[in-house]
Amino acid sequence: MMKKCFLFFILISAICFSQQKNLKVNDLQPKSENFNFPVVSFASKPLVERKINTFLQVNELEFIPGSGSNPSQLALNSTNSYKNFLYFYEWKKLETPKNILSLSIDGEATGAYPEGFSDWKNFDLRTGNYINLKDLFETISIDLIQNIVNENIVNKIQNFLAELKSHIDPEDDEKEQIRMYEECLEYAKRGKLEHTKFFFGKDKLTIVRERCSNHAMLALDDLGSYEIELPYKDIQQYLSLYGKNLLSKSDKFVRQNTVQNKLYKGQIDQKYPITLLMKQVYEDGSFSAFYWYDKSKKLIEWSGILKDNHISITENDYHSEELKKWIPKAYIEADVKGNKIVGTWQDYKIKKYLKLELQEL
């Protein structure tokens, strides 16, 4: 086993971690003091370029490429679905294995109060698909990786707590720190990979967990966020077929079986072309999505449940102030069949069923 891990690491190292030719990342225009956002150029793979940029701009900015001249308008004016101002200050392209693009993005979200954030987006450069953390590992190994991450964070918190508790006659701030970290310790033991951020490096995968503090306690949080480094050579035995293939230098790719964070293209009623972005699917099967008619390029939200490859979705029309609830526009029932989603779109008012056919981009 050790020999196989060593050979795997040598294979990865031999790639020299160079990105594929013709890949460039620049500033999305118009750039401003509060808007510095990445846009990908990949001349040799236009579909990959389009998929990555569409995902980034729809998912982060709620902007459909080609739908207007100012991608930052909704984010900077708090007219997005979150009703928060979003500022993007800096991005970086990280050094990674050949088949991977990892982008770090730093900014600030301003709702009731300003809150800085750091995020990472990772893409398979052979397909343009967003990389989901769970797809990297065998199903039977996910709990083990989860436990490794949790144990690392627990040890960091326990060591810091031991230091705090060793102080004689602690000050009030230290008492508050102890209380905060003791509460956080229980959550750290049960952490899930489901909501975890991550990014790729030259020779390791880094998993990032959020800090223990809320905004009010931020000044007392000396540990901040947690970055757990997992060298590729140490996790090779836990990788899925897709994970191993991704980290190799192979231009041939293994398909990801999940639907989350994927783009689909197809038609409603065999005559209305649409594009769909499936967002993250949670453990209970719930998910949200954006779709748009290719002609009008206006985002429409879906909320739904995915269970046993069957999707049930509600498309809302408007919120009734009189009834204090959302009034639906349509119901969607569909099945995931390999790289396709096939089902019906039913108009809420007239009950007419229209055929829905989508295929993964």
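See the structure shown above.
Calculation notes
- Residues numbered from 1 in each chain as written.
- Predicted model: local features only at pLDDT ≥ 70, side-chain atom pairs only at ≥ 80, totals over all residues.
- Heavy atoms only, no water.
- Salt bridge = Lys/Arg side-chain N within 4 Å of Asp/Glu carboxyl O.
- Helix = DSSP H or I, 4+ residues; strand = E, 2+ residues; numbered from the N terminus.
- Buried < 20%, exposed > 50% of the residue type's maximum accessible area, 1.4 Å probe, protein only.
- Patch = residues over 30% accessible without salt bridge, like charges linked within 9 Å, V, L, I, M, F, W, Y side chains within 5 Å.
- Areas by Shrake-Rupley, 256 points an atom, 1.4 Å probe, with all protein chains shown as cover.
- Lys, Arg positive; Asp, Glu negative; His and termini not counted.
- Charge placed at Lys NZ, Arg CZ, Asp CG, Glu CD.
- Phe/Tyr/Trp six-rings, centres within 6.5 Å; stacked < 30°, edge-to-face > 60°.
- Lys NZ or Arg CZ within 6 Å of the ring centre and 35° of its normal.
- Pairing = 2+ DSSP bridges.
- Axes fitted to C-alpha atoms, helices over the stretch in contact; angles between N-to-C directions.
- Contact = heavy atoms within 4.5 Å.
- Expected span 1.5 Å × (residues − 1).
- Disulfide = S-S within 2.5 Å.

Chemist: Is there a simple way to explain the pattern of salt bridges in this structure?
Modeler: Close approach of charged atoms allows side chains with opposite charge to pair. What the rule picks out here adds up to 20 salt bridges. Across the pair Lys197 and Glu210 runs a salt bridge, and its minimum N-O distance is 3.2 Å. Taken together, the positions of Lys197 in strand S6 (residues 197-200) and Glu210 in the loop between strand S7 (204-209) and strand S8 (226-231) put the pair 13 residues apart, joining distant regions of the chain. Close ionic contact of Lys233 with Asp234 constitutes a salt bridge, the shortest N to O distance being 3.4 Å. Residue classification places Lys233 among the partly exposed positions, given a relative accessible area of 37%. Each member of the salt-bridge network shares a partner with another, and the members are Glu60, Asp119 and Lys121.

Chemist: Would you mind going over a negative patch on the surface with me for this structure?
Modeler: A cluster of acidic residues, Asp169, Glu171, Asp172 and Asp173, forms a negative patch on the protein surface. Looking at where Asp173 falls in the secondary structure, it is placed in helix H5 (residues 172-189). Note on Asp173: relative accessible area 47%, which makes it partly exposed.

Chemist: Is there a simple way to think about the packing of aromatic side chains in this case?
Modeler: How two aromatic rings sit relative to each other is given by the distance of their centres and the angle of their planes. Inspection of every chain in the model, using the stated rule, returns 15 aromatic pairs. Through a chain of ring-to-ring contacts, three or more aromatic side chains come together here, namely Phe35, Phe37, Phe88 and Phe117. The ring of Tyr348 carries Lys351 above its face, with NZ or CZ at 4.7 Å from the centroid.

Chemist: Is there a simple way to think about the sheet that holds strand S4 (residues 100-110) in this case?
Modeler: Strand-to-strand pairing in sheets goes through backbone hydrogen bonds, with the strands running parallel or antiparallel. Reading across the sheet, the three strands line up as S3-S4-S5 and stay open at both edges, with antiparallel pairing between neighbours. Strands with a single pairing partner mark the edges of an open sheet, and in this sheet they are strand S3 (85-93) and strand S5 (114-124). Within the sheet, the average angular offset between the axes of one strand and its neighbour, ignoring direction, is 25°. In the packing of helix H2 (residues 46-61) onto the sheet, the strands contacted are S3, S4 and S5, and the crossing angle to S5 comes to about 155°.

Chemist: I tried to follow H5 on my own but got confused; where do I start?
Modeler: Each turn of an α-helix holds 3.6 residues, which means side chains three or four residues apart point in the same direction. Given a rise of 1.5 Å per residue, 18 residues ought to cover 26 Å, and the 26 Å separating the end C-alpha atoms of H5 matches this to within 8%. Taken together, the buried positions of H5 are Glu174, Gln177, Ile178, Met180, Tyr181, Cys184, Leu185 and Ala188. Those residues of H5 that are buried lie in contact with helix H4 (142-165) and S8.

Chemist: Would you mind going over the pairing of S3 with me for this structure?
Modeler: Two faces make up the sheet, and in a regular strand the side chains alternate between them. When S3 meets S4, the two strands line up antiparallel, connected through eight bridges. Note that in S4 the partner of Phe85 across the bridge is Thr110. The turn linking S3 back onto S4 is made up of six residues.

Chemist: Explanation requested: the state of the cysteines in the structure shown.
Modeler: One covalent bond between the sulfur atoms of two cysteine residues makes up a disulfide. Evaluation of the coordinates by the stated rule reveals one disulfide. The disulfide partner of Cys184 is Cys212, and the S-S distance across this bridge is 2.1 Å. Torsion about the S-S bond of the Cys184 and Cys212 cystine: about -75°, corresponding to left-handed handedness. With Cys184 in helix H5 and Cys212 in the loop between S7 and S8, the pair connects residues that are 28 residues apart, well separated along the chain. You'll find Cys184 and Cys212 in the same group, each marked buried.

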